[in-house]
Amino acid sequence: MADFRLPPLNAGERIYRALLHLYPARFRRAFAQDLVETFRDERRDADRRGIPAGAFWLTTLQDLVTQSFAERISTVWRPRGRVGALTGDDITMAAIPLALNLSELRLAARRLRRVPTFTVATVLVLTLGVAATTAVFSVVNGVLLRPLPYSAPDRLVALTNTLEVSGAEITDQSDASVMLYQERARAFDGIGAWRDRDVNLGASDADPAPAERLSAAWVTANLFGVLGVRPSLGRTFQAGEDRVTAAPVAILSDRLWRRRFHGDRAAVGKRIVVDGVSREIVGVMPASFIFPRSSPELWTPMPLDPANGQAGSFNDRAVGRLRDGATVESARADLARVLPRILDEFPSGIPPAMWEQAHVRPVVASFRDSIVGDVSRLLWILLGSVSLVLLIACANVASLLLVRGESRQLELAVRGALGSGLAGIVAQCLSESFVLAAGAGVLGAALAAIAVRTLASAGGDLGVPRLEQVSVDGHVLLFTLGVSALCALLVSIIPVVRARHIPIAMALRDSTRGSTSGKPRQRARSILVVAQVALALVLVAASGLLARSFARLRDVRPGFEPTGVVMARLVLPAANYKSAASAMQLYDRLLEQVRAIPGVRDATITDWVPLTSDHNDTATGVEDHPLPPNGVPRVHFSIDIDGAYFETMGIPLLSGRTFGPQDAAHPPLEAVVSHAFAERYWPNGNPLGKRVRPGLDGPWYTIVGEVGDVHYEALDKPAEDALYYPLVQHADSASAATRFVSVLVRAAGTQQASVAAGLRRTVHALDASLPTYGERSLSQIVDAASSRARATLLLLAVASALALVLGAVGIYGVMAYGVTLRQREISVRIALGARPSQVRRMISRQGVTLGLAGVAVGIVLALGVTRVLRGFLYEVSPTDPLTLGGTCVALLVVAVLASWGPARSAAAIDPADTLRGG
Amino acid sequence: MPDLPTPDDFLPLKPDAFYVLLVLLHGERHGYAIMREAAERSGGNVELQAGALYRLLARLLDDGLVVESQRRPAADADDERRRYYRVTALGRRVIAAEAERMASLAAAARAALRGSPAVA
């Protein structure tokens, strides 16, 4: 009926709806919607009554799995819908408790022990499938499903803005907007903000350890309150402490507290020196406190200045707690109502018309999404891939069970004849499946636990948020239990359904002759193999595409020469370096001394190292491209450098020259532009001599040189338009940018370690209070830029390898069994004069046919499925014919190889033996 | 022409089916409401999970004891429109027949107990 509406489903409901595919299609078409609605009702009810999610899902899954199984059996067995008559339901319902009976399980275990090859093979295959699925699910659970460690985390929202300056852009909040919202927004219980920064922790009487550089964060006084976290010692910040005029305080992280104060509870009340300012310690945060993408060791209150808020600098990550009854939409509307007042309260030197032009609009999104948003699709894709492997494994095992069933027909027939009825037969099949699946479940969970621990320790390198806290916990074990039970049922469906067809009397009579009754099983096994090959093709195709994409990514030239360059970061505190002259003096002496270190070819200083988290873009004016009145100038990447930058980094100078020696008293009003920048503004002309300026006013800078493009942001995005300015730009004060710098040193390959040490020593000799930090080589940085692609590829490659092996084993099994079935026929052929090569060819043809069928089905599936990968591929189309073609060929080769063994054994049959024994 | 089913074809009714029909005798219900009421009325003896309920409804629908009614907004949900079910005339006759059967069983049992030697 068209008059129904289903509100958007949440994650749990989507999973439930997907699982409904366990039901037969007819039932699903009729009742899927009702089932989802009822699921939602039950969920609401369970939440209201305080039933934990785990228990709820357990009952739901148990109902789903048993009922879907029973429904499928019923559709095979139902004579006609009779509410009162005995149906497949009753048989199944009777069989399940019979099967779960402990003595029945023990008997099943004993039977399995008697066929060790079969048991080991089955458990192994299932274990691989279960382990892979469980491991990936642990990650999905830990990263996506687990609630955030704050109180009532689904009431937390992230506040950002969209801007339209040069294209749409997403930004954080500014100090001004944070203060404005705190004052006027009504839809929130509280809005807090966070800004990452690095500080120098100095030595003091209370804290004699040497100076070190720390990552820290500025937070509003209410931030911890908004998140709902309590300190482990002392207190958090109080209202009013986040003003420029307030007394300086600080909160330590658990790590810092143990390191510098050795866990002394009397640390609260002591003082520490941060960036030259003495602060009182008021509290310590517990070790379990985390904030996304940030691990500071120290928090200080944000120095907000209501008289001076800057509306145009978007540096603060803001989190809000929704008031009861507010929704994301109503909160957004509330902020949209308030935001236009910002320039009234915080003029910030921005003309109102320009603010209008920029179309600043507030965006409210769930806090969770802002943390895991960009990985969630990737993780679900990975989960989908390992599920494919699991399905292939189940198909493989079902196939093995069919063979086993064939050889046990007599035994089952006897049992049926002795009166335990169909229920007994079903129970026997089920109990073995349960034992096998239980074994696989336990081993799989153990294997997954190991894999997960390895992944978690790789942690942040993979760029997956929250990965460090992923573990195989209660939820994951529950999942493993569910998956194992599902496997047990899936692999028993075919044998159980077949059990109905056991012609008891015939079986008792013709126990030695199996050729005719083998045919339906052989067909079933062939179908299973085709399915396995098809699924394997999808996985291998996905891996292939990712591999090509990764190779393309690796081929991208970053625009500079990373080998041989090491870097170290440095910050000059404003307190000690008040003027540009003092900063430049330090830099000049530093570079002079570093260049004298043996092994150093060149050295330079910059404020932005490509492919790191550095970032600085500025609205730029171009003299001969004037803006319309109240137009907003375009934003470009701006990098402050000294003259030796291009030489040291190996960036080609295309025309003109670089900066000369920089004199703080007479700053050179010169700039250098990248090729992309020149192409944008002067496509057929020469940029040299033209003038640009950072910001809306101030002096014009003359372009003196043009250099090659560099990827500053990412390798898989185009190289950006960039402008290079000299380190010293303002004669009167050292601007903030030039105090946060990185020193880059190009050294002969073998000398890198000693050069890095030499750099450290030189800095220390010049100014003992300046620690260096962030020491790395540029090669490491370039590698890290493609690390996530590499990790994804690795995981998918492992899954594909598993799929290929399982597919090959499947084909081999079917072929080998086929040879046994056709032993008589082959013997007759050989006796009648067929040559070994002809026999081999006949058998191989069968294998290749199976392979071809699998490939055909697989290609159709792959074309549909690989579309999902679109966002992850770099310059490779999801239907790339080369990759897909190669995958088909690979699988056909596997099919041929897998048939080789059985073909040989077929050719080696001695006809005399077989025909005599018949 | 195929024989039309008589109520006796459906006896004895399993407890699940009995309670579902009983609930529907009190008026149209949607799936979740049937689950809750059946549990209530049977004092917890009939606890249907979602899958079991809809499979039972499928049988009842196929056999003509229950029929879908027009979708309407659920009284207790926002604006979702749920599928409502109601009992048919045949369904009523079946439950009446079952009630009678149970009544006669009960009567026979009571008579037998009264006439038998003293129950300890």
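Further up the page is the structure itself.
Residues numbered from 1 in each chain as written. Chains lettered and ligands numbered in written order. Predicted model: local features only at pLDDT ≥ 70, side-chain atom pairs only at ≥ 80, totals over all residues. Heavy atoms only, no water.

**Examining unusual backbone geometry**
Piece 1. Going from B:Leu11 to B:Pro12, the amide bond is cis rather than trans, its omega being -10°.
Piece 2. You will see that A:Ala152, though not glycine, has its phi angle at about 45°, which is positive.
Piece 3. Relative to the helices and strands, A:Ala152 resides in the loop between helix 6 (116-145) and strand 1 (156-165).
Piece 4. On the accessibility criterion, A:Ala152 (40% relative accessible area) is partly exposed. (Helix = DSSP H or I, 4+ residues; strand = E, 2+ residues; numbered from the N terminus. Buried < 20%, exposed > 50% of the residue type's maximum accessible area, 1.4 Å probe, protein only.)

**Re a nonpolar patch on the surface**
Piece 1. Among the surface-exposed residues, A:Leu128, A:Leu447 and A:Ile450 lie close enough to one another that they form a single nonpolar patch of about 260 Å² accessible area.
Piece 2. Looking at the element boundaries, A:Ile450 is found in helix 14 (residues 409-458). (Patch = residues over 30% accessible without salt bridge, like charges linked within 9 Å, V, L, I, M, F, W, Y side chains within 5 Å. Areas by Shrake-Rupley, 256 points an atom, 1.4 Å probe, with all protein chains shown as cover. Salt bridge = Lys/Arg side-chain N within 4 Å of Asp/Glu carboxyl O.)

**Focus: the pattern of salt bridges**
Piece 1. One pass over the full model with this rule turns up 38 salt bridges over all chains.
Piece 2. B:Arg83 is paired through a salt bridge with A:Asp34; the nearest N and O atoms lie 2.6 Å apart. Taken together, the positions of B:Arg83 in strand 3 (residues 81-87) and A:Asp34 in helix 2 (residues 25-49) put the pair across two chains. Across the pair, A:Asp34 and B:Arg83 agree in class, each one buried.
Piece 3. For A:Glu775, the salt bridge identified is with A:Arg760, shortest N-O distance 2.9 Å. With a gap of 15 residues between them, A:Glu775 in strand 22 (residues 773-777) and A:Arg760 in helix 21 (residues 752-766) connect regions that are remote in the sequence.
Piece 4. Relative accessible area serves as the criterion here: at 33%, A:Glu775 is assigned to the partly exposed category.
Piece 5. You can call A:Arg760 partly exposed: its relative accessible area is 40%.

**Observations concerning the packing of aromatic side chains**
Residues and elements named next belong to chain A.
Piece 1. For the coordinates displayed, the defined rule picks out 28 aromatic pairs over all chains.
Piece 2. Centre to centre, the rings of Tyr 16 and Phe 39 are 4.3 Å apart; their planes meet at 10°, and the pair counts as stacked. With Tyr 16 in helix 1 (residues 11-19) and Phe 39 in helix 2, the pair connects residues that are 23 residues apart, well separated along the chain.
Piece 3. By way of ring pairs, the aromatic residues Tyr 150, Trp 194, Phe 224, Phe 237, Phe 289, Phe 291, Trp 299 and Phe 367 are connected into one cluster. (Phe/Tyr/Trp six-rings, centres within 6.5 Å; stacked < 30°, edge-to-face > 60°.)

**So, the pairing of strand 4 (residues 212-219) of chain A**
Residue and element names in this part refer to chain A.
Piece 1. Counted residue by residue, strand 4 has seven buried out of eight residues, so it is predominantly covered.
Piece 2. Inspection of the sheet shows strand 3 (residues 188-202) paired to strand 4 by eight bridges, in the antiparallel sense. Opposite Arg 195, over in strand 4, you have Trp 218 as the bridge partner.
Piece 3. Two elements, strand 4 and strand 9 (residues 298-301), share four bridges in a ladder whose sense is parallel. Across the sheet, the residue bridging to Ala 217 is Trp 299, located in strand 9. (Pairing = 2+ DSSP bridges.)

**Examining helix 3 (residues 50-63) of chain B**
Residue and element names in this part refer to chain B.
Piece 1. Compared with an ideal rise of 1.5 Å per residue, which puts 14 residues at 20 Å, helix 3 spans 20 Å between its outermost C-alpha atoms and is within 8% of the ideal.
Piece 2. For helix 3, the tally of buried residues reaches twelve of 14 residues, placing the bulk of the element in the interior.
Piece 3. Following helix 3 by one or two positions, Gly 64 has its phi on the positive side, about 80°. (Expected span 1.5 Å × (residues − 1).)

**A few points about the pairing of strand 18 (residues 691-694) of chain A**
All names here are of chain A.
Piece 1. Pairing of strand 14 (residues 617-622) with strand 18, which is carried by three bridges, proceeds in the antiparallel orientation. Within strand 18, the residue paired with Thr 620 across the bridge is Pro 694.
Piece 2. Of the pairings in the sheet, the one linking strand 18 to strand 19 (residues 701-707) comprises two bridges and is antiparallel in character. Paired with Val 692 across the bridge in strand 19 is Tyr 701.
Piece 3. Remark: six residues form the turn of the hairpin made by strand 18 and strand 19, two consecutive strands paired antiparallel; Gly 695 in that turn has positive phi of roughly 90°.

**Focus: the side chain of A:His636**
Residues and elements named next belong to chain A.
Piece 1. Structurally, His 636 can be placed in strand 15 (residues 635-641).
Piece 2. Judged by relative accessible area, His 636 falls into the buried class, the value being 3%.
Piece 3. Within the structure, the side chain of His 636 is placed 2.9 Å from the side chain of Tyr 681, a separation counted as a polar contact.
Piece 4. Discounting chain neighbours no more than four positions away, the residues touching His 636 are Asn 616, Asp 617, Thr 618, Thr 620, Phe 677, Arg 680, Tyr 681, Asp 721 and Leu 723. (Polar contact = N/O pair within 3.5 Å; in protein donor to acceptor, adjacent residues only side chain to side chain. Contact = heavy atoms within 4.5 Å.)

**Remarks on the packing of helix 1 (residues 15-25) of chain B against helix 3 of chain B**
Residues and elements named next belong to chain B.
Piece 1. Closest axis-to-axis distance for the helix 1/helix 3 pair is 11 Å, and the angle between their directions is 80°. Here helix 1 lies roughly perpendicular to helix 3, going by the angle between them. Along its contact with helix 1, which presents Asp 16, Ala 17 and Val 20, the element helix 3 presents Leu 53, Leu 56, Leu 57 and Leu 60.
Piece 2. Along the lines of polarity and charge, the residues of the contact of helix 1 with helix 3 split into six nonpolar, no polar and one charged. (Axes fitted to C-alpha atoms, helices over the stretch in contact; angles between N-to-C directions. Parallel < 35°, antiparallel > 145°, perpendicular 65-115°, else oblique. Nonpolar A, V, L, I, M, F, W, Y, C, P; charged D, E, K, R; others polar.)

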